[in-house]
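# Coordinate inspection notes
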Amino acid sequence: MTQSFVHEPVVQGPVIPEPAAPVLPPAFRCVLAPATDDAFSRARALAEDGAGDAAGTLVLVERGDILDLAVILAPDEPLALSRRAFLVGMLALIDAVGTHAAPEMPITLLWPDTLMFDGARLGGGRLGQPEGCAEDAVPDWLVFSAMLVVSKTRIGDPGLTPDSTALDEEGFAPGIRLALVESFSRNLMKAFAVWEEDGFAGIGARLLAHLPQAGGAKAEIDRHGDALLERDGAVGRLALAPGLSDPAWRDPTTGTVRL
């Protein structure tokens, strides 16, 4: 079954971005949201209003200290299978960060949703779906949302929050937000194309390369998105769905990345 998570438009004309907006592939439409919004909630509301017609909408919150984005997807498989779109989004996010980072810096995944940069928490991803959608039903939409810390200067001394890091602390160029969004959107389109043409195995292998637990194990991601790790004949399972119910990287008080 094909994976048409982001619909190509019937007519593709030149893309003229708004001021301070990223330049996205033609299949995407950028919606800029004020700093008081959060991309996840805004994208969910747009998806509920537009259902499949909203696919390809990328919401970007206009704030400088946090990169907060969300994209609406149009799955064509039951939720139990299409939930793997979350892993595609995480791989696209990791690849975007890796494109602009120093090549020797390790980017790792704390299963299933937390992105670590050089051993410190940088951000993570979330998945939204229609309320009450059954595992065997095809969702009208899915929302993949991602958040990264751009700068911690507003909270004082970064040394007081050693478990987390920020892009400006790690040597990323000023104004990196839009470049990361552009890289993310391109990587996302490419990954979905690979899934459609070659299956999920290659995507899973690339993501598992960033999973510390997979080191030295025979590892794969099954059709439900669970990571299977085999060592000495014993198979361990890292389930996907339960880990998405409460994002480990998110501070419920601030609504942003835990510092």
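The text that follows walks through the structure, step by step, so that each part is easy to find. (Residues numbered from 1 in each chain as written. Predicted model: local features only at pLDDT ≥ 70, side-chain atom pairs only at ≥ 80, totals over all residues. Heavy atoms only, no water.)

This next bit is on the packing of helix α3 (residues 85–100) against helix α4 (residues 176–198). Each pair of packed helices can be described by the angle between their axes along with the distance between the axes. Where α3 contacts α4, the axes come no closer than 8 Å and their chain directions differ by 135°. Of the possible angle classes, the one that applies to α3 and α4 is oblique. Remark: the crossing between α3 and α4 carries right-handed chirality. Only I176, A179, L180, S183, F184, N187, L188, A191, F192 and W195 of α4 make contact with α3, whose side of the interface consists of A85, V88, G89, A92, L93, D95, A96, V97, T99 and H100. Grouping the constituent residues of the contact of α3 with α4 by class yields 14 nonpolar, 5 polar and 1 charged. (Axes fitted to C-alpha atoms, helices over the stretch in contact; angles between N-to-C directions. Helix = DSSP H or I, 4+ residues; strand = E, 2+ residues; numbered from the N terminus. Parallel < 35°, antiparallel > 145°, perpendicular 65-115°, else oblique. Left-handed = near helix turned anticlockwise from the far one by under 90°. Contact = heavy atoms within 4.5 Å. Nonpolar A, V, L, I, M, F, W, Y, C, P; charged D, E, K, R; others polar.)

For α4, which comprises 23 residues, the first-to-last C-alpha distance of 32 Å matches the rise-based estimate of 33 Å (1.5 Å per residue) to within 8%. Immediately downstream of α4, the backbone of G199 shows phi near 90°, a positive value. (Expected span 1.5 Å × (residues − 1).)

As a rule of thumb, nonpolar side chains are buried together in soluble globular proteins. Counting 61 residues, the largest nonpolar core has V97, F184 and L188 as the members making the most contacts within it. The biggest single contributor to this core is α3, with 11 residues. Apart from the residues lying within four places of it in its own chain, the contact partners of F184 are L58, L69, V71, G89, A92, L93, A96 and F144. With 13 residues, the next largest nonpolar core counts A39, A70, I72 and W141 among its residues. (Core = buried A, V, L, I, M, F, W, Y, C linked by side-chain atoms within 4.5 Å. Buried < 20%, exposed > 50% of the residue type's maximum accessible area, 1.4 Å probe, protein only.)

With that out of the way, let us pick up the packing of aromatic side chains. The way to describe two aromatic rings as a pair is by their centre distance and the angle between their planes. Under the counting rule described, the total for this entry stands at 5 aromatic pairs. Each ring, one from F86 and one from F144, has its centre 5.6 Å from the other, and the planes form 55°; the classification is tilted. In this pair, F86 is assigned in helix α3 and F144 in strand β7 (residues 142–149), connecting sequence segments 58 residues apart. For the pair shown, F86 and F144 are each scored as buried. The structure contains a cluster of three or more aromatic residues connected by ring pairs, namely F86, F144 and F184. The aromatic ring of F200 is capped on one face by R84, whose charged end is 5.1 Å from the ring centroid. Across the ring face of F40, the terminal group of R126 is positioned such that the distance to the ring centre comes to 3.8 Å. (Phe/Tyr/Trp six-rings, centres within 6.5 Å; stacked < 30°, edge-to-face > 60°. Lys NZ or Arg CZ within 6 Å of the ring centre and 35° of its normal.)

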